[in-house]
Amino acid sequence: KQEVTQIPAALSVPEGENLVLNCSFTDSAIYNLQWFRQDPGKGLTSLLLIQSSQREQTSGRLNASLDKSSGRSTLYIAASQPGDSATYLCAVVGNKLTFGTGTQLKVEL
Amino acid sequence: NAGVTQTPKFRILKIGQSMTLQCTQDMNHNYMYWYRQDPGMGLKLIYYSVGAGITDKGEVPNGYNVSRSTTEDFPLRLELAAPSQTSVYFCASSSPGTVNTEAFFGQGTRLTVV
């Protein structure tokens, strides 16, 4: 059974700081890994998709990496802004789409 | 391109009532999923389908039923609503292993059982 863990569960940083969110998974037989953002009371917004053959993807201030052999992915956010405050979820696509429990990020002025 | 469409967006049910949450996707994805998200919690998989005519249980299937008669539609049925089913329900679709592997989500259905 695939298990996905995200560390830390919550994070508070001052504006402008660079930060790293971590996602680990137990079964390396995956098709891809996807990072989502969820604002309170809202749906999921896809941020980045990394296919199993790729090692990283970049979109603006976001960079996601994938190390399938070690079962880890990281989401790097550069120069954080208050608008980045949200819950960040990683999802592993194998036979099912399995989510981590998320990291709740707060970026303070 | 509509993506994944869920209806209704909001619903209040009385205990014991039944309802169907609708989910439709227009991307010809073979995989579809139903999740529930309780307040302050992560997403839990209820049921999923890898293609028309094939469904399988997720982590929390009790109290729910699904069917997948077409590639596009994946309705979720609550037969006897209970307060424990108060939650936000999300439908998703994807085609893992193909060129377009991104998972897409509907906007959610907020269900309250009273």
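Right above here is the structure, for reference.
Residues numbered from 1 in each chain as written. Chains lettered and ligands numbered in written order. Predicted model: local features only at pLDDT ≥ 70, side-chain atom pairs only at ≥ 80, totals over all residues. Heavy atoms only, no water.

## Brief notes about the sheet that holds strand 7 (residues 64–66) of chain B
Strand pairing in a sheet relies on backbone hydrogen bonds. The paired strands run either parallel or antiparallel. Residues and elements named next belong to chain B. Pairing is antiparallel across the open sheet formed by four strands, whose spatial order is 1-3-8-7. Unpaired on one side and paired on the other, strand 1 (4–7) and strand 7 mark the two borders of the sheet. Shown here is a sheet whose adjacent strand axes are inclined to one another by a mean of 20 degrees, direction ignored. Pairing of strand 1 with strand 3 (residues 19–25) involves four bridges; the strand directions are antiparallel. Bridging across to strand 3, Gln6 finds its partner in Cys23. (Pairing = 2+ DSSP bridges. Helix = DSSP H or I, 4+ residues; strand = E, 2+ residues; numbered from the N terminus. Axes fitted to C-alpha atoms, helices over the stretch in contact; angles between N-to-C directions.)

## A word on the state of the cysteines
Evaluation of the coordinates by the stated rule reveals two disulfides over all chains. Each sulfur of the disulfide joining A:Cys23 and A:Cys90 lies 2.0 Å from the other. Taking the torsion about the sulfur-sulfur bond, which here is approximately 75 degrees, the covalent link between A:Cys23 and A:Cys90 counts as right-handed. Residue A:Cys23 is located in strand 3 (residues 19–25), and its partner A:Cys90 is located in strand 9 (residues 86–93); the two are separated by 67 residues in the primary sequence. A:Cys23 gets classed as buried once you look at its relative accessible area, which sits at 2%. Through a disulfide, B:Cys23 is tied to B:Cys91; the S-S separation comes to 1.8 Å. Judged by the sign of its S-S torsion, about -75 degrees, the bond between B:Cys23 and B:Cys91 is left-handed. Residue B:Cys23 is located in strand 3, and its partner B:Cys91 is located in strand 9 (residues 87–94); the two are separated by 68 residues in the primary sequence. Using a relative accessible area of 1% as the deciding quantity, one classes B:Cys23 as buried. Owing to a relative accessible area of 0%, B:Cys91 belongs among the buried residues under this scheme. (Disulfide = S-S within 2.5 Å. Buried < 20%, exposed > 50% of the residue type's maximum accessible area, 1.4 Å probe, protein only.)

## Quick word on the interface of chain B and chain A
Contact residues are listed per partner, giving 17 residues for chain B and 20 residues for chain A. Summed over both sides, the interface of chain B with chain A buries roughly 1600 Å², with 57% coming from carbon and sulfur. On the chain B side of the contact with chain A, B:Leu43, B:Thr101 and B:Phe105 bury the most area, a combined 27% of that side's loss. Taken together, the links from chain B to chain A amount to zero salt bridges. Of all elements in the fold, only strand 4 (31–37) and strand 5 (43–51) of chain B reach the threshold of two or more residues within the side of chain B that touches chain A. The greatest single-element share of the side of chain B that touches chain A, amounting to four residues, is contributed by strand 4 of chain B. Among the residues forming the side of chain B that touches chain A, the class breakdown is 11 nonpolar, three polar and three charged. (Contact = heavy atoms within 4.5 Å. Buried area = accessible area lost by both parts, 1.4 Å probe. Salt bridge = Lys/Arg side-chain N within 4 Å of Asp/Glu carboxyl O. Nonpolar A, V, L, I, M, F, W, Y, C, P; charged D, E, K, R; others polar.)

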